[in-house]
Structure formats: C-alpha cells, structure tokens
Amino acid sequence: MNDVTLTINGKPVSGVTEPRVTLLDFLRDVAGLKGTHAGCEHGVCGACTVLIDGTAVRSCLMLAVQAEGEDITTIEGIGGSGARAGELGVIQDAFCETHGLQCGYCTPGMILAAEALLSVNTDPTEHEVREAISGNICRCTGYVQIVDAILLAAKRLGQRNDAVPSDATLA
Amino acid sequence: MTEQKYKFLSTPRRPVEDRRFVAGRGKFIADLDRPNMLHVAPLASHHAAAVINGIDASAALAMPGVVDVITGAELAAAVQPLMNGLNTPNVRRFPLAVDRVRYAGEWVCAVVAESRALAEDALEKIIVDATPQPFILDAEAALLETSAPVHPEHGSNLLLDRKFVWGPVDDDFDAAAHSLSFSVTWGRNSTVPIETFGVLAEWNGWDQMLDIWASIQMPKYADQIARSLDLPGNAIRVHYDVDVGGSYGVKRGIKHSVLVGYIARKLGCPVRLIEDRLENMRAGDAHGPERKFDITIAFDQDGTVRSMKMRALDNAGAYAGRAPFQLGKPISAIVGPYQINSVAYHALSVTTNKTVQEAVRGFGQAPTNYAIETAMDRVAEYLGMDRLALRQKNLIRKDQFPYLIPSGSYYDSGDYHAVIDKVLAAADYPAMLAERDRLRDAGMMAGIGIAACLEPSGGNSSFEPLLNQSNQTSTWMESCQVNIDALGKLTARIHTTSSGQGHETLVSTVLGEVMQIDPELIRITRPNSLESLPGNSPVGSRMAIMLGGAAARAGEKLKAKIMAIAAHRLGVAIDQLRYEGGDVLAHDGRRFTWDEMVELAHRQYHNLPDGMDPGLASFDIMQVPTGDALPVDDKVQMYPCYSFEFHLLLVSFDPIIGRPDIHSYVIGHDCGTVINPAIVSGMTYGGIAHGIGAALFEEFAYDTNGQLLTQSFLDYLMPSSHEVPAIQIVKHCTPSPHTVFGQKGSGESGYLGAPAAVSAAINDAVSSLGIHFEKLPIRMSAISDAIAAKTS
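A.B. asks: So what's going on with the sheet that holds strand β2 (residues 50–56) of chain B? Which residues, and what values?
C.D. replies: Residues and elements named next belong to chain B. Judged by pairing direction, the sheet is antiparallel, and its three strands sit side by side in the order β4-β2-β6 without closing on themselves. The two strands at the open ends of the sheet, each matched to only one other strand, are β4 (100–101) and β6 (127–132). Two strands pair when backbone bridges link them, and β2 and β4 are joined in this way by two bridges, in the antiparallel orientation. When the bridges of β4 are listed, valine 51 appears paired with arginine 100.

Next up, the structure:
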C-alpha cells in the first residue's frame, strides 16, 4: 500500500492505496468524488477526463501513485459548491442552455475538455471545438448541441468584463 | 402549425435534468455504495462452444477477501430459467452457463469478493475443464439440417419461422411489368452506452425484501427477477431513482440481476456487479440485430411499386431472449412510407454461437428501413429513373390518411411530400447536385444519399401475440400520479428509470401546460417499484405519447376536481366557470383562487361538495391508443403513431483511401407536436450519429474460431465529433389524432433512416463503377478494396 497526497479542487487530499489503483478509482473510491466516470477504462472514451494543472487527462490511464503532488480538477471543482451548490459555471450553464447532453454520463468529461480548451483558446472555431472534444465519445447527442454549448460558452466568457477565464475559479 | 397554442409545450425550455448532470451530480449505479457491499466478477468462456466437465475453484476460494464462487450448476438448481418470449422451452438460459458454454465470453462462474479487484484476481485461479465442441457462426449455415444445434435439446437452431402474406402478392407480381431481387445484410452492432450495465442487490431477511438498484431499461423488470428467483412480486423492490448512463434499448440486464439477486439472498449482504468494458462488449448480451434480407420487388415501368417479398434471417446468438421479436416490430411499418399494395414476409431467427442479441434502438426497424430504401434505389437504378422522383411517386399522400397498410396497421397522419419539399429547399438540392458533380470532376468519388422512413411510436407489444399465438398480451400501459400538497405545490411521480430521454422535463412540461403552472415549480419524483403504478418503461418510442399522455390525463382529473370544488364554493354550475392559471373565474367575475382551493381541499372538509374525497391527488393508467385487439388473420394494428423522417446528405471520398467525408446532412422530421424542442432535436442528432456508426464503422466482428475481434473501443469504432457533421434539422408538424396534444414519438428518430441514407450516398458515389455495397458497415477498407478491384 502507498500513501498518496495530492490537491483536488484546491484542497489537499491524502489516502492509502494499492500501487495498481488508477487515479480514476482513487478519485471515486478514496476521495469519494463520483462525478468522474468510468467508460472504457482503456483510454478511448474520455468519460474519466480530469484536469491536471489545467490539461485534460484520462484518469483511467494514470495510476493514483503517479498523481502524487499533482493539482487536479474534477467536475466537482467546476461551478459552485457548499453553500453555493446549484450555481453553474459558464460552461455548465451553456451545456444546459443548448441541452448539450442527454444521459449525462460523458458530460463531466466533456465539460472538463471544454474547460481545457477555453482556458487556452478564448475564441475557438467550430473545428477547434470538435478537435478538443474528439477524444470524448458521446453516444446520445451526436455532438451537435455539445459543440453549440462550447461555442456559446466561449462567446459568453468573452463578454465577461472580469478577467477570470476559467469556471474553476468559482469554486 | 400548432406552436402558438401552447404556453410551455413546444417552447424552448431547459430540460430540468441537465443541472445535476453538468455538475457531475447524477446518481449512477456505480456511484452507489452500501455498507459491507460485496463485488462480483464473472469468469468468461474462452471457447465458442464447449462441454463443461468440471470447475475447480478451490484455489480462488482460498484467497483472502474471496467470499464465494457461484457455478451454473448451483444457480440452475436454485433459480428458474430466464423468461423467453417464444415457445422454445428447451432453449433454456441461466445467468451462468450450465453444463456447456455456447459463445466465447459466456459467463461460466462468478467470484464474489470484498472488492472487484480481488474478485478479478481470483478469476485467474479458477480451472475450468472443458471439451471444445463444434460451433456455428453464420445464420444461413445454422439453418442447415446438418448443422449441430446450439441447444441440442431444442433439436435445431430455428427459433422463429413465420411466413406472412398480406394482400394479393402473387396477383401483384403477375401484373407488374418488372421485378428484381437483391440481398443486403445489416451487420451486428449495438448502441454501446458509455456507462456499462450495473446492478446492486441487497437482501433483508427480516423484511424478506430484495432491494435492487440498476442501470436498467426493461419492461416488467421486477416481475422477471421475481419469477426467476421464485420470490413473491412484492418481495422485489426496484429503485427507479437511478440515473442510467445511456441505454438506447440495450440495458436489459436480467441475467446480471438474477445472478446478484441470488448471491445477495444467499449471503445476506449487498452485492454489486458492474460490467467492465470487455464484459459489456462480449457478454453483456446487448448485441443488436444481425440480419440478412433477401428481397424481390415488383414494379411497373412508370415506377409504381406494387409488391414486395422479404425474407429476413436474423442471427440471435446463443439464446432466445427478446431478439426474435425484433423481426416483429418492423411489421408495423413493413411498407415504409410507400403505397405498396401487398407484402410477403418470411421472418426467421436462428441460434448461433455468438453473443446474445437484445433490443436496440428501433427494435429491428432500422435494418428493415435500410432494406426497403435499398429496394427503392435499386428500382430507380433498374428503370433509369430519378431516385427522388420514384419515392415521390410511391409515397402515401396527405389525403390518404389514416392509411391502412397490408399488414393491418393504420398510419395515423403525415404529409411526406411537404416534408421532402422543405428539405430540398433547405438543402438547396440543385446546388448539392452541382457540388457532387464538381467533386467528381475534381477526381473525388462523391454521392448523394436519400432515405425516407417511418418511426412507429407509442410502443405496445402487438408483435408478441403476432409471432407467438399463445401470447395474449394486448395491454402495454403507462402511468403517472400527481399530488398537490397542503402548501399548494405540485409533485408528480413517474414509475421508471430514465437514460437521457428527459422524462422529468416531459412530465413537468405537460402538467404545467394542463394546469397552467410554471413547470419549473413542479417537482418530479421516482418512487420504487412497490410504490409505483404499472408501466412498461421507455421502450418503443413511447414516452411522449404514453407518459406524457398519462401525466396530462392525471392533470385533467385534478383540474376537474378543482372545478367541482369551485362550483360548490361559488354556488354556480361548472359550465359557468373558467380555469385560468390555477384560479377559477366565475362568469360574474368572482375569482376562486388556487390558495383558497388548496385550503378547502386539505383543511375544510365541511366546505367540500358532498361525498367528495379530501385532498388533491390523482393518477392515470393509460393504455396505448388504438392498441385494443389481438391479431386476426395475421394482421394487427401495431403502434398508434408514425413519425416521418427524410434524410439527404452529400458524401465524398478519395478513391484510393476510401474514407467518407460527410459534407452536409439535412433531415426533415415530423413527429407531430413537440413537447421540448431541444430534447427532440438532441434525440435526432444522436440517432443520426448512431446511424452513421452503423453504416460506416460499428460491428461486432468474429474470427473463424468464434472469438469476438472488436471487443474494446480500440477496435469497435464509434463516431467521434470528427465523423458526425453539422446536421440541419427541418421541422414539420402533422399532429397525431390519437394523442393528447398530437405528439408522436421521437426516441428513435435519425437512427431509423441514417444507415439507409449513408449507405445510399456511398453507393451513389461508386455507381459509375457498377459497385453495390450490400452489407453494413461499409468500412473504408471495403470501399477502397472494391474500387481497386474495379479499376486495377
């Protein structure tokens, strides 16, 4: 068993885990954050996407022990929490506006992939949006309303008069 | 158009479910933990067919954390075989293989351990002594008398062999100027949700109750588990407040649920089984139809299609399940949207040593639509006639509804020609043709795909008695309960799980419309199965019609009670009152407010009309409209409503590489009155994406040893955001006369025509080379190989 200490959504988290446990299972079973989902568990579908230092990463392909000391953002770190639970981030709100989801299973990964894109590209083209989510498989939507959501979020983020580029800072 | 009639219906409104999902706060099966929960991992067969001589689990049982190993022999002695819709009692099926395995991946035994990882570790210690047996993979071969039956006790591989003749087929063929024959094959694929199937069962011996949480989409789920486990129906409590991470028909999970239900009861603690992706792909028993069509079609020189003979041979895999019924549902739209006078239909379903087939989006309709649309293209090609003109000539006209098709169903309503005209205008069809020719001139292969088809909706189960005469099922209800609490707020209860269809939005919107109350203020809950009214779950594209219908009718009953209270209070006749936004207005201007009404109903019995029950609650159990009779002379009214879709797309590809690029995709869609526009559009986009996958990428392919080759997402390819183009939906509304608001179904939209349309586009692109692709999926390797063979 190994001790792992990392930062999740701005808070330090420590846990004891087997070396073979993936970051995905650590987040779900040790940290108790169930918003990160297992889809294929072999790195194709993107349902388990989280951000490490702002970069979209597949948590099923990374061991928890490899994440020692890393700064991780999961879907629970996007939008309001605690007393502010129920307050949507801009990207989340855009997904609701365009109905960029159906069953909601791939949605956390999609939103984090969008977060990663919009943190470095504030005015993406439709092609750039499609490229950014091309590693996230959705079986419900045909992607159309997801692409609409991310373009809408980019537009709204661009219209904000504060300098905060990322939803993550809301937490 | 009807849009202006409604305050909430058909207006752009945010689906209420979306908030929890974008926050990662859905409640999926893998998110549920119970104290002292045990985990199950099944051991899969390596053989396509084998006799099991013995299982040695002693080393596994000796491992720390391993609690039990369950074998098929133990299970078969303790539970009843899983339900089988046909009269094939000797095709017995248990959650684990008994005495022999019948497909590679079939569960041989199951380890129960303190964690899933420990259970998987223990699988490697189990020794199965098995003797390989001859196996069969091909459906035509399975039909041969010389082929060994997958179930020797059954005597053959034939599960279903039904011949129907509807109308004067021989006369129509004699009278027709021409006929042609061809064969096409729909490859074995599935909708493959991103969430695999999972189930958690917990037995409480003091209450004699089995609690079940599952990512389920299955009619009569609790009943089937109770029957298999020999438990009273009221000893099974299925919790419907589990979010299902996609299903599209496939999450049937009976074998998983009976297995964990048995283990939970045996061990007296909570037990969970979540498929991993490999288990989902090869042993989730969720493969879709694999169907070969042999079609002969009779037509005149002017393009009039008179009659069709269709033989459909389905490869059901190793067990019967509900798969053969997927040959029955398409009978409800066996002539598509066309005036075809007569049809001969031969439906065959056989067992093979492949994974078991289950229900998939459309329940067999998409393959049949692909066959019918291919027939229309072949007739046009034979006659040298424009494909579009041929369709327009044969389409049922607006003035012909209700239209009786040869197999006994009336199509309710439609205006197919108008939808097509709208699509042609929206797509700028002449410009699309010019672009195709420009691409061809530039050295590309380019083609336009066209497909018209129907989505039978409002699902009942008429195909069951039609294919199995001992089955007398004509009831296929859905229900809803509504309550107004003592503070005046509405809560509605729905009695099913949902897998992305937006049922909470559906019910709150419909109730809001009926009660004239903001849907945002209406709460929707999902009680467990013991607290629920009867229903049949979201299958057969039925919930807008059936759950929406039940919710509206329950609302109307509440409104009638409110009007009666108001009439009594105000001392006037009901017909002199008007309901307005929750208040009731008298003809003389007096207003009986919502708050007063709630006060009377909840606290002032003495002010209620004589004999009226207190409180404000209602419910409705609704039967499928038009579904009131069993088949007569092999004919029956199947689904009540028929949505129409018309697909038009432009594809091109390099002749050497063969990788299709969809330039533009326009669909015309008429599903009657729309409840929530974003939900209906989403269903349609997603259906088209599934259809593109079925046409170009997705297939459960087997090698000659009966091993599944495409068993991960690395080799079972699904469309990504690059393969699904921007899609334009052209909306049209022809209300159904059979439903409360004129709504029809849309849960299968897009998928029912996209495979046919994409296939047509590819075939149009290679038509100058005389190539016909006769099997889906049409992989890029097949395209480039076929072109190379013609041009080398």
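A.B. asks: Describe the interface of chain A and chain B, and please don't skip the residues or the numbers.
C.D. replies: Each side of the interface is counted separately: chain A has 41 residues, and chain B has 43 residues. For the side of chain A that touches chain B, the secondary structure elements donating two or more residues are α2 (90–98), α3 (107–120) and α5 (144–159) of chain A. Examining the composition of the side of chain A that touches chain B, we find that four residues originate from one element, α2(A), more than from any other. A per-class count over the side of chain A that touches chain B returns 21 nonpolar, 14 polar and six charged.

A.B. asks: Give a detailed account of α3(A), specifying residues and quantitative values.
C.D. replies: Its 14 residues place the ends of α3(A) 20 Å apart at the C-alpha level, agreeing with the 20 Å of an ideal helix rising 1.5 Å per residue. For α3(A), a buried count of twelve out of 14 residues is recorded, marking the element as mostly surrounded by other parts of the structure. Along α3(A), the residues that are buried comprise Thr107(A), Pro108(A), Gly109(A), Met110(A), Ile111(A), Leu112(A), Ala113(A), Ala114(A), Glu115(A), Ala116(A), Leu117(A) and Leu118(A). Those residues of α3(A) that are buried are in contact with β3 (49–52), β4 (55–58), α2, α4 (126–132) and α5 of chain A together with α1 (18–22) of chain B.

A.B. asks: I'd like to hear about the pairing of strand β27 (residues 661–670) of chain B, residue by residue, with values.
C.D. replies: Residues and elements named next belong to chain B. Buried residues dominate β27, accounting for seven of its ten residues. Examined bridge by bridge, strand β26 (residues 641–653) and β27 share nine bridges and lie antiparallel to one another. Directly across from histidine 647, in β27, lies its bridge partner isoleucine 667. In this structure, β27 lies alongside strand β28 (residues 727–732), joined through six bridges in parallel fashion. By the bridge assignment, valine 666 is partnered in β28 with glutamine 728. In this view, the connection linking β27 to its parallel neighbour β28 by way of helix α18 (residues 677–696) has right-handed handedness.

Each value, and the rule that gives it
Residues numbered from 1 in each chain as written. Chains lettered and ligands numbered in written order. Predicted model: local features only at pLDDT ≥ 70, side-chain atom pairs only at ≥ 80, totals over all residues. Pairing = 2+ DSSP bridges. Helix = DSSP H or I, 4+ residues; strand = E, 2+ residues; numbered from the N terminus. Contact = placed C-beta atoms within 7 Å. Nonpolar A, V, L, I, M, F, W, Y, C, P; charged D, E, K, R; others polar. Expected span 1.5 Å × (residues − 1). Buried ≥ 20, exposed ≤ 12 C-beta atoms within 10 Å, placed from the backbone. Right-handed = clockwise from strand over helix to strand, strands pointing away.

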